[in-house]
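Coordinates in review
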2 protein chains.
Amino acid sequence: MTGYFNDLKKEYVITEMRPRRPLLNYLWNETFLAELSHFGFGESFYRVSPLKRRRLILTGDAGRMVYIKDRQTGEFYDANRNYKNYDFKKHECHVGIGYHNVISEYKGVEVDFGITIPQEYSAELWQIKVRNTADCAKKISVITSGRVAANVTGHWAYGHANFDQNLGGLYFSHDAYDVEDLYEGIFFKADTKHSSYDVGTVNFKGLYNEWAEPQGLKSEQLSCLGMSFEENYCAALQFDLDLEPNEEKVINIALGVVRSREEAKEITDKCLVKGFYEDTIKGIKAEADRMDSVYTLKTPDEYLNTTTNTWLKRQISLGKTWGRVYGKGFRDVMQDVAGMASFDIEMARKKIKVCLDHMRINGNPIRQFEPINNEPYHDGASWVPATILVYLNESGDLSILDEKCKYIDSDVQDSVFDHMYRGLRFLLDNRGKHNLVLWGGGDWNDSINNVGYKLIGESVWLSIATVKAITEFCKILEIMGGKEEMIASITKEKEILKAAIIEHALEDDRFIYGFNDWGEKVGSEDNKEGKHYLNPQTWAVLADMLDYDSLQKLMNGVEQKLKCDFGYVQCAPAYSKKDLHIGRMAYFIPGGYENGSVYNHGVTFKIVADCMLKNADRAYETVKMIRCDNPKNADSGVEPYAVSNMYFGPQEANRPGYAPCSWITGTAGWLYRGITEYIMGVRSEFNGLRIDPCLPSEWQEVEVSRIHRGATYNITIKKTGVKSVVMDGKTLDGNLLPITEKGSVHTVEVTY
Amino acid sequence: MTGYFNDLKKEYVITEMRPRRPLLNYLWNETFLAELSHFGFGESFYRVSPLKRRRLILTGDAGRMVYIKDRQTGEFYDANRNYKNYDFKKHECHVGIGYHNVISEYKGVEVDFGITIPQEYSAELWQIKVRNTADCAKKISVITSGRVAANVTGHWAYGHANFDQNLGGLYFSHDAYDVEDLYEGIFFKADTKHSSYDVGTVNFKGLYNEWAEPQGLKSEQLSCLGMSFEENYCAALQFDLDLEPNEEKVINIALGVVRSREEAKEITDKCLVKGFYEDTIKGIKAEADRMDSVYTLKTPDEYLNTTTNTWLKRQISLGKTWGRVYGKGFRDVMQDVAGMASFDIEMARKKIKVCLDHMRINGNPIRQFEPINNEPYHDGASWVPATILVYLNESGDLSILDEKCKYIDSDVQDSVFDHMYRGLRFLLDNRGKHNLVLWGGGDWNDSINNVGYKLIGESVWLSIATVKAITEFCKILEIMGGKEEMIASITKEKEILKAAIIEHALEDDRFIYGFNDWGEKVGSEDNKEGKHYLNPQTWAVLADMLDYDSLQKLMNGVEQKLKCDFGYVQCAPAYSKKDLHIGRMAYFIPGGYENGSVYNHGVTFKIVADCMLKNADRAYETVKMIRCDNPKNADSGVEPYAVSNMYFGPQEANRPGYAPCSWITGTAGWLYRGITEYIMGVRSEFNGLRIDPCLPSEWQEVEVSRIHRGATYNITIKKTGVKSVVMDGKTLDGNLLPITEKGSVHTVEVTY
């Protein structure tokens, strides 16, 4: 491992200075996002508007630097990055919930460089604590530098920067002609008196120097020159500090984006008040603690406990606010909402409505909003009933069904329920010659994107997803009551679709993925490549497509054909030749993304499917295979506290098993649900909390604390071979814990 | 100075390793362009299509590296960049015509790293000569690295690279879905056997190393691993060489962009043949020599001689092929053509026609093509007659006037003459309430761009330019003959326009710049800022707007109000506050671009105007003021062999006098014409070569060799106080050298 968890502080401490790839943390609020490596490097973005989600504010490489200079010898080094690989006594990164600290110690100076993001402002806060750990007094300079991305338009002639006397800090202005983005200014201000400053990289770093050896540090003080027409500005301040042995001094800095110098003054006046930094972190942690308390589990697997109780929720929360950062996919948001509804029901309600506003009047939602991606993907509607069902189960609040939503291409407004039904009608009414659902521009596997434009190709996976969606829709109708007729009629349609899928798409140990516009099978044994796909099999289980033994056969096929040392590949064999009858996927490197990687989002579907078939050990083994501590893939590069979008598949030529993309993935939500609702088996239903565990054979006993509709259930599950559920001393009929009074606390003992 | 000229080789040798800013050279053919610093760094671009002019092929920073490693000690250094600032015995950059060599010597190894661009392929060639200058044998490795920009789409999953056995070189593939750019491959191949290679920056440089200390060099050999899904590929080859004392070995490398591996093989088979590199340079130099021979001058000013005879033509040639690199402005191309017609008449003819194809049917050309910029600038048509007149004078070929050209927004086709006239009609028929030409989206000063959208604002400068254009048009009509009626009628229109300009726009010592959409004056003493503009005064002279004394008064105003230590500012005082009644210019930093910089293009108009008023010393002083050897601005940063777009004006807050943008500017063409046609006074007319010198008082005698219509005129001009022109021993009446036989050579003695 690259470090260790400190559960008391809810921190991960990175102790390895040069891991396989930089380990990332994210800090954010609604308008500002920072991606941070274990050096404290990484880009910061400002969300200008829903359509312009990312304006760079801070450059990634060498973006945040803290240099320490001995004023007596002139020697200096960079405390957070250690470019020169000096023999540091300590170099740690504390990845926190809402903060990030890089701590180092060298030659008797300890530097703790902390970063957080205030919830109210488009800004980030730095807190630099410098302590003298030697036994003699020290005269040092602390020099901080932020590579602010002040060239908003790229037209250098608009830009200038200098120390602003009235602000008391550095101000970078880019007041350009004909630009909608009014946030033309970036400020960088400290609460501590600086002795000198720089704003131009040309002056601070120097044209021919590297960040390890900035020219500015070779003089006693920085240049204190303004700069204009600069490609790369930097915000550098020098603080001269005298430190007695063991003395610590603290410098707070605020960096942010504003419309005017006046606004910069207002914000910094608030952000740089003593205690503001600490209060910001306290606020974020309190909210995280609240979310954690909704579902806390205790199993023999410490890693599972830590990541499920805290870190998966943190990762889901990033998606909750920023979607996939580059944009908000309809299907992504719908799934994320299902993952987070238990701990943020208000946000869930809001997001469902925003999402449905992006449905077309024909019932087919657009692919992505903020910004709009209008490609004619066909799967959007299939995700709606599941998420609404989760919302109803979690909240007990049927009123959402009557809420009005818009359509993106019409003035019509109707209810959430109408949207859901219109979506199902789109799926049911757009069928091909095998009576399966038309593939259109694509489905979940959005890299099979050239198979259905002619509206001939049919997606088997999407047809299965439609079956599943109708089942969920019927559950909602049941909850609503008095909908027997509709249930009967749509169930009939479902059965017809189901029969067509089985008739045309079942092939020995698999469902194929579909028929393309040219009438060719995709994902069939008949294909030369891409013979076997994961999702149609796992979703056949999720949609209850066949009898138990037949489903088990499908899942055995998955074990035989798709398993590798670190998970299950999305398809096999990967495409090695570009193929316009498939699309983008067949242009990807073999083993990359959908083209045969261990695409973890898909693997989490498989975990749920395993549990539904009561393949408990398979489910848990799968969870462990895609973890960073899988001994067969211990050097994947992934953060121990985040899940990755994918591991390169075994067919990848150069780095199989490597995990390049973490944090920004729907995997988090599904893995969380897979563990909490299916392995632990504690999931909310409309009338109570279902207890349906599927524990691996090596576990004898687990504990869950779950808050549902305001009541707390402290549940112990033991394997005794005897089925019983005892709540507050009373044995229940069945395994559904009833809804109880808000604020009440219950003890539940489950044996099986 | 940062180095010295070697006129024999037509080279500039840069001897300063750390000049104020990197000194640039350009190499190019029709489809490939490399911008090179004195380290050999700089981006290379491929021209995918007229509309996609720039696809990055090689990244700038650390883009081309040549490392030398002692195989016995393992010590290594980078020979071209010298990141670690070792004590090199030599570090020079030879800026050549069509080549670029970085030569260094350190610890007994001399490395000569040469770069050129073959005229036939989208590629660049490297030639690395390594010589043992020590007196003992050496075992070294040469490791070259090119930071190829292989991620065409930015979607990493399409990319993979490795050594290609069949090609015998490195190949970077990015065969993406749905991309028009078929040039998906980049090759990097040597003519010398390599011992190892790398394609991934992660492997070669290392994730945590800098380019000064690549991880790959710490092992005996590079990794020889393929790479995929890499953000930054690099093409690295290691060659192990044994060198006896004074022995030299040569490695040739070709790097380029192709549609397939097969094409890479074909091209490298041709490019890496022995002698190809040398022949490429020979070809480029031969063409440069031919161009140089068209006009060679000899004055007491050595710097003027070298730059005018060779380097200005080189700079003009870049514009000739690549326009302003980012695109081709209608007015820019028209002016460049006038600059180059004397030495590339065929290209001039072609460019005039291409340019005119981009006129709108209403007579107003678009702002820019390749790619299209459709903003409604109004000045395009005013540049046409001057350029066509230059073409006629230079070629004597009237047939161009009948050539058919298109309009960009119509199916109508008509002649070059019709286009020219339609253009004048656009200017004459779109007038405002002072009867001046409407400003529209702007004119030459394209940063005064918010003054005329309402079609109320009128441009005085453009009105003056229209007067000048009509005069030139009439000269063309005279050449054509039989056009007396048209001359009379349009001259009448000209006089009316002229009278309106004088009536409404003349203000004591200046013409104002115009009236904006709000009826406010621009460039008047009444304004708070931007009171005095340079171009209306200089163009009043060019257009012969007033009598001599009145014009002299205008130019005296220029001397008094706009002069600074290093030239003449475009306007004064610069705008310090953003102003929507002006436009972009008033958002620029004061002293930047049109907002009060010494905008050299404008200064060259002034040089011509000075000559037209026979202010000979002013003209020459102005030439010297904007040169890199102006002692009052000796550290401007500009290359001694290129002219700059601007020097920051004296009002610029941080770096007045600094020259950030060289090479890419229309200054070159006008400065060339100012010196050759106006100071030397040797300019072509339709019936011969006019001799009208305007030599500064400090010169007594100059020589010019000029090829005109195929005949060579070797001209000596002496100041004797007696006016006479003697050609081949015969005294001529007047100062027009007659057209003579192609291939003939004449001696001309001019005194005055």
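Everything quoted here is computed from the prediction, not taken from an experiment.

In this section: the sheet that holds strand β26 (residues 458-459) of chain B. Reading across the sheet, the three strands line up as β26-β29-β30 (chain B) and stay open at both edges, with antiparallel pairing between neighbours. Edge positions in the open sheet fall to β26 and β30 (521-522) of chain B, since each of these has one partner strand only.

All names here are of chain A. One pass over the structure, following the stated rule, counts 109 salt bridges over all chains. Measuring nitrogen to oxygen at the nearest pair gives 2.9 Å for the salt bridge that ties Arg71 to Asp242. Here Asp242 lies in strand β19 (residues 233-243) and Arg71 lies in the loop between β7 (64-70) and β8 (76-78), a separation of 171 residues in the sequence. Arg71 gets classed as partly exposed once you look at its relative accessible area, which sits at 32%. Measuring nitrogen to oxygen at the nearest pair gives 3.7 Å for the salt bridge that ties Glu698 to Lys624. Taken together, the residues span a long stretch of sequence, with Glu698 in the loop between β38 (688-691) and β39 (701-708) and Lys624 in helix α14 (residues 616-625) at a distance of 74 residues. Salt bridges sharing partners connect three or more residues here, namely Arg331, Asp332, Arg367, Asp379, Asp446 and Arg584.

Turning our eyes to something else, we now look at unusual backbone geometry. In this model, A:Glu370 is joined to A:Pro371 through a cis peptide bond whose omega is -5°. Mapped onto the elements of the fold, A:Pro371 is located in the loop between β23 (368-369) and α7 (384-395). Backbone geometry places A:Tyr593, a non-glycine residue, at a positive phi of 45°. Within the element layout of this structure, A:Tyr593 appears in the loop between β34 (571-572) and β35 (598-599). Taking relative accessible area as the criterion, A:Tyr593 reaches 16% and is therefore assigned buried. Within the chain, B:Glu370 stands out as a residue other than glycine whose phi angle is a positive 50°. Tracing the chain through its elements places B:Glu370 in the loop between β23 (368-369) and α7 (384-395).

A regular strand places its side chains so that they alternate between the two faces of the sheet. All names here are of chain A. Pairing of strand β37 (residues 682-685) with β38, which is carried by four bridges, proceeds in the antiparallel orientation. Bridge pairing in β38 places Val682 opposite Ile691. Here β37 folds back onto β38 in antiparallel fashion, the turn holding two residues. When β38 meets strand β43 (residues 736-738), the two strands line up antiparallel, connected through three bridges. Looking at the pairing, Gly688 lines up with Pro738 of β43.

The next point concerns the confidence of the model for chain A. Summarising the model, chain A shows a mean pLDDT of 97, and 100% of its residues fall at 70 or more. In the predicted assembly, ipTM is 0.95 and pTM is 0.95.

As a further point, take the interface of chain A and chain B. Between chain A and chain B, the contact holds 43 residues from the first and 43 residues from the second. Considering only the side of chain A, the residues that lose the most area to chain B are A:Tyr177, A:Tyr208 and A:Phe229, jointly responsible for 24% of the buried surface there. Where chain A meets chain B, there are two salt bridges. When the shortest N-O distance is used, the salt bridge between B:Asp175 and A:Lys578 registers 3.0 Å. In this assembly, chain A and chain B are joined by 20 residue pairs in polar contact (both at pLDDT 80 or more).

Taken as rigid bodies, chain A and chain B are interconverted by a rotation of 180° and an axial shift of 0.0 Å, the fit giving an RMSD of 0.0 Å. Interpreted geometrically, this transformation is the action of a two-fold axis. Within chain A, the C-alpha atom positioned nearest to the axis of rotation is that of A:Glu210, 4.4 Å from it. Interface residue correspondence from chain A to chain B reaches 100%, placing this contact among same-surface, isologous pairings.

Turning to the packing of aromatic side chains, a few remarks are in order. Residues and elements named next belong to chain A. Overall, the coordinates contain 88 aromatic pairs over all chains when judged by the stated rule. Geometrically, the ring pair formed by Phe113 and Trp126 is edge-to-face, given 5.3 Å between the ring centres and 70° between the ring planes. A residue pair is termed long-range when its members are at least 10 positions apart, and Phe113 in strand β11 (residues 109-116) and Trp126 in strand β12 (residues 123-132) qualify at 13 residues. Neither residue differs from the other here; Phe113 and Trp126 are each classed as buried.

If you look at the biggest cluster of nonpolar residues, it comprises 176 residues, and the most contacted ones within it are A:Ile501, A:Phe511, A:Tyr641 and A:Ile715. Residue contributions to this core peak at 12 residues, all from helix α9 (residues 460-480) of chain A. Within the second largest apolar cluster, 154 residues are counted, among which are B:Phe369, B:Ile512, B:Cys571 and B:Phe648.

Let's shift gears to the packing of α7(A) against helix α8 (residues 416-429) of chain A. Residue and element names in this part refer to chain A. For the pair α7 and α8, the least separation of the axes is 10 Å and the interaxial angle reads 150°. What the angle tells us is that α7 and α8 run roughly antiparallel. Listed contacts from α8 to Val384, Pro385 and Ile388 of α7 are Val416, Met420 and Leu424. Tallied by class, residues from the contact of α7 with α8 come to six nonpolar, no polar and no charged.

This paragraph deals with helix α12 (residues 548-561) of chain B. Residues and elements named next belong to chain B. Compared with an ideal rise of 1.5 Å per residue, which puts 14 residues at 20 Å, α12 spans 20 Å between its outermost C-alpha atoms and is within 8% of the ideal. When we look at burial in α12, the residues that qualify are Leu551, Gln552, Leu554, Met555, Gly557, Val558 and Glu559. With a side-chain oxygen positioned 3.1 Å from the backbone nitrogen of Asp549, the residue opening α12 is Asp547.

This next bit is on the sheet that holds β37(A). Residue and element names in this part refer to chain A. A sheet is described by the order of its strands in space; here three strands give the open sequence β37-β38-β43, paired in antiparallel fashion. Among the strands making up the open sheet, the edge pair consists of β37 and β43. The mean angle between the axes of side-by-side strands here comes to 30°, regardless of whether they run parallel or antiparallel.

Residues and elements named next belong to chain A. Both strand β40 (residues 711-718) and strand β44 (residues 745-751) contribute to a ladder of seven bridges, which runs parallel. Of the residues in β44, the one forming a bridge with Asn714 is Thr747. As paired strands, strand β41 (residues 724-727) and β44 are joined by four bridges and run antiparallel to one another. Across the sheet, residue Ser724 finds its bridge partner in β44, namely Thr751.

Residues and elements named next belong to chain A. As a packed pair, α9 and helix α10 (residues 484-505) sit with axes 10 Å apart at the nearest point and diverge in direction by 160°. The orientation of α9 relative to α10 falls into the category roughly antiparallel. Seen from above, α9 lies across α10 with left-handed handedness. Side by side, α9 and α10 meet where Val460, Ser463, Ile464, Thr466, Val467, Ile470, Thr471, Phe473, Cys474, Leu477 and Glu478 of the first sit next to Met486, Ile487, Ile490, Thr491, Lys494, Leu497, Lys498, Ile501 and Ala505 of the second. Partitioning the contact of α9 with α10 into residue classes produces 13 nonpolar, four polar and three charged.

Once that is clear, we can look at the side chain of A:Asp78. Residues and elements named next belong to chain A. For Asp78, the position within the fold is in strand β8. Buried and without a salt bridge, Asp78 has Arg81 as its closest oppositely charged side chain, separated by 5.8 Å. Among the polar contacts listed, one links the side chain of Asp78 to the backbone nitrogen of Asn82, at a separation of 2.7 Å. Engagement of the side chain of Asp78 in a polar contact is seen with the backbone nitrogen of Tyr83, the distance being 2.9 Å. Contacts of Asp78, omitting those with residues within four sequence positions, involve Met65, Val66, Tyr67, Tyr83 and Phe88.

Before going further, it helps to examine the environment of A:Gly567. All names here are of chain A. With respect to the secondary-structure elements, Gly567 resides in strand β33 (residues 567-568). A relative accessible area of 0% places Gly567 in the buried class. If we skip the residues at most four places from it in the chain, Gly567 touches Leu562, Val598, Met625 and Ile626.

Attention shifts here to the environment of B:Thr31. Residue and element names in this part refer to chain B. Along the chain, Thr31 falls in the loop between β3 (25-28) and β4 (32-36). Residue Thr31 is classed as partly exposed on the basis of its relative accessible area, which comes to 26%. Taking the C-alpha atoms as reference, Thr31 lies 39 Å from Ile715; in sequence the two are 684 residues apart. Beyond its immediate stretch of four places on either side in the chain, Thr31 contacts Phe45, Tyr46, Arg47, Tyr121, Ser122 and Trp322. Within the local environment of Thr31, its side chain forms a polar contact with the side chain of Ser122, the two groups lying 2.8 Å apart.

Turning our eyes to something else, we now look at the side chain of B:Asp164. Residue and element names in this part refer to chain B. Along the chain, Asp164 turns up in strand β14 (residues 159-164). Asp164 gets classed as buried once you look at its relative accessible area, which sits at 10%. Only 3.0 Å separates the side chain of Asp164 from the backbone nitrogen of Asn166, close enough to count as a polar contact. Once residues lying within four places of it in the same chain are set aside, the contact partners of Asp164 are Gly169, Tyr171 and Arg261.

What counts, and where the lines are drawn
Residues numbered from 1 in each chain as written. Chains lettered and ligands numbered in written order. Predicted model: local features only at pLDDT ≥ 70, side-chain atom pairs only at ≥ 80, totals over all residues. Heavy atoms only, no water. Pairing = 2+ DSSP bridges. Helix = DSSP H or I, 4+ residues; strand = E, 2+ residues; numbered from the N terminus. Salt bridge = Lys/Arg side-chain N within 4 Å of Asp/Glu carboxyl O. Buried < 20%, exposed > 50% of the residue type's maximum accessible area, 1.4 Å probe, protein only. pLDDT = per-residue confidence, 0-100. Contact = heavy atoms within 4.5 Å. Buried area = accessible area lost by both parts, 1.4 Å probe. Polar contact = N/O pair within 3.5 Å; in protein donor to acceptor, adjacent residues only side chain to side chain. Least-squares fit on C-alpha atoms with pLDDT ≥ 70 in both. Phe/Tyr/Trp six-rings, centres within 6.5 Å; stacked < 30°, edge-to-face > 60°. Core = buried A, V, L, I, M, F, W, Y, C linked by side-chain atoms within 4.5 Å. Axes fitted to C-alpha atoms, helices over the stretch in contact; angles between N-to-C directions. Parallel < 35°, antiparallel > 145°, perpendicular 65-115°, else oblique. Nonpolar A, V, L, I, M, F, W, Y, C, P; charged D, E, K, R; others polar. Expected span 1.5 Å × (residues − 1). Left-handed = near helix turned anticlockwise from the far one by under 90°. Lys, Arg positive; Asp, Glu negative; His and termini not counted.

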